[in-house]
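So you can see what is in the structure, the chains are spelled out below.
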Amino acid sequence: SQTIHQWPATLVQPVGSPLSLECTVEGTSNPNLYWYRQAAGRGLQLLFYSVGIGQISSEVPQNLSASRPQDRQFILSSKKLLLSDSGFYLCAWSVRDRNQPQHFGDGTRLSIL
Amino acid sequence: AQKITQTQPGMFVQEKEAVTLDCTYDTSDQSYGLFWYKQPSSGEMIFLIYQGSYDEQNATEGRYSLNFQKARKSANLVISASQLGDSAMYFCAMREGMEYGNKLVFGAGTILRVKS
């Protein structure tokens, strides 16, 4: 069966520090991969998605970037965190079939001090 | 304009009763898909049910059913026989047409509280 791993679960970082969040998927090949951010009590905002290795589409211009160095690995990064980067970050994967759902990791709670 | 509208910020339901969570959507595509997710306080997103725009019958998954009214562009989630464990945030989401990457657009969510 397919599983998605996302870490760390929580992270506290100072303003101006770098960021790297990692997400890996097991049990499937060539998945679509997604990064979302969720502000407290709000809906999900799509940040990046990828349909293949090295292919990244950005939905919202911002302080963050994403990379997909391997088929089932998706990384969210920042060179210098801002206070506004605080939030709950979720990674998700899906198969190519557009009638199938996205499946989410457990998320990372990021607090910027 | 909002693509997905969930007009109920919060809902209460008595245990063992049924509850309907509203979702309306806006699209000009003929082919699209609607998804419902549950998010408990722990944060993970759990897929509940899916309805395709060409599906003639309303989707059902156990205690979850989707009241799909295409002409009204609504896709309400019905939870029957509510349980305390159903207390969570619920999100409606839409995948439009042949959208590259199968992207989803999410509504703002509805918080459901089940009372004993």
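Residues numbered from 1 in each chain as written. Chains lettered and ligands numbered in written order. Predicted model: local features only at pLDDT ≥ 70, side-chain atom pairs only at ≥ 80, totals over all residues. Heavy atoms only, no water.

## Structural notes on the overall build of chain B
Stated formally: Helix and strand definitions here come from DSSP, where helices need a minimum of 4 consecutive H or I residues and strands a minimum of 2 consecutive E residues; each element is numbered from the N-terminal end. Throughout, the radius of gyration refers to the C-alpha atoms, and the reference size of a globule is 2.2 Å times the residue count to the power 0.38. Relative accessibility thresholds used throughout: buried, under 20% of the residue-type maximum; exposed, over 50%; partly exposed, between the two (1.4 Å probe, protein chains only). Per-residue accessibility takes into account occlusion by the displayed protein chains alone, with areas from the Shrake-Rupley method and a 1.4 Å probe. Neither His nor the chain ends is counted toward charge; the positive residues are Lys and Arg and the negative residues Asp and Glu. Charge placement uses NZ in Lys and CZ in Arg. For Asp and Glu, CG and CD serve respectively.
Check the secondary structure of chain B and you find zero helices and 12 strands. Of the regular secondary structure in chain B, the N- to C-terminal order runs β-β-β-β-β-β-β-β-β-β-β-β. By the compact-globule yardstick of 13 Å for 116 residues, chain B fits well, its C-alpha radius of gyration being 14 Å. For chain B, the spread of C-alpha atoms along the three principal axes comes to 45 × 30 × 20 Å. The burial tally for chain B puts 50% of its 116 residues in the buried class. Approximately 5,600 Å² of chain B is accessible, and the part contributed by carbon and sulfur atoms is 49%. Computing the positive centroid from 11 side-chain charges and the negative centroid from 12, chain B places the two 3 Å apart.

## Some details on the overall build of chain A
Of regular secondary structure, chain A possesses zero helices and 11 strands. Ordered by position from the N terminus, the helices and strands of chain A form the series β-β-β-β-β-β-β-β-β-β-β. Whereas a compact globule of 113 residues would reach a radius of gyration of roughly 13 Å, chain A reaches 13 Å, a difference of no more than 12%. Once the C-alpha set of chain A is aligned to its principal axes, its extents read approximately 40 × 30 × 20 Å. Among the 113 residues that make up chain A, the fraction classed as buried is 47%. For chain A, the exposed surface amounts to about 5,300 Å²; the carbon and sulfur share of it is 51%.

## Quick word on the interface of chain A and chain B
Cut-off, in case you're wondering: Throughout, a contact is declared for two residues whenever any of their heavy atoms are within 4.5 Å. Buried area counts how much accessible surface, traced with a 1.4 Å probe, disappears from two parts once they are put together, with both parts' losses summed. For this document, the term salt bridge refers to a Lys or Arg side-chain nitrogen within 4 Å of an Asp or Glu carboxyl oxygen. Each residue is assigned to one of three groups, with Ala, Val, Leu, Ile, Met, Phe, Trp, Tyr, Cys and Pro labelled nonpolar, Asp, Glu, Lys and Arg labelled charged, and all others, Gly among them, labelled polar.
If you look at the interface, chain A gives 28 residues, while chain B gives 24 residues. Three residues stand out in chain A for area buried against chain B, namely Leu-44, Arg-98 and Phe-104 of chain A, and they jointly supply 30% of the buried area on that side. On the surface where chain A and chain B come into contact, there are one salt bridge. A salt bridge links Glu-59 of chain A to Lys-103 of chain B; its shortest N-O distance comes to 3.2 Å. Of all the secondary structure elements, the ones that give two or more residues to the side of chain A that touches chain B are β4 (32-38), β5 (44-52), β6 (55-58) and β9 (87-94) of chain A. In terms of residue class, the side of chain A that touches chain B is built from 11 nonpolar, 10 polar and seven charged.

## Some points on the sheet that holds strand β1 (residues 3-7) of chain A
Residue and element names in this part refer to chain A. The cut-off we apply is this: Pairing between two strands requires that DSSP report at least two bridges joining them. Comment: axis = line fitted to C-alpha atoms, over the contacting stretch for helices; angle = value between 0 and 180 degrees taken between N-to-C directions.
The strand order β1-β3-β8-β7 describes an open sheet built from four strands, whose pairing is antiparallel. Each end of this open sheet is capped by a strand with a single partner; those strands are β1 and β7 (65-70). Pairs of neighbouring strands in the sheet enclose a mean axial angle of 20°, with direction left out of account. Taken together, the four bridges between β7 and strand β8 (residues 73-78) define a ladder with antiparallel strand orientation. Residue pairing in the sheet places Gln-70 in a bridge with Gln-73 of β8.

## Let's talk about the side chain of Thr-28 of chain A
Residue and element names in this part refer to chain A. Position of Thr-28 relative to the elements: it lies in the loop between β3 (19-26) and β4. What makes Thr-28 buried here is its relative accessible area of 12%. With residues near it in sequence (within four places) discarded, Thr-28 still touches Gln-2, Arg-72, Trp-93 and Val-95.

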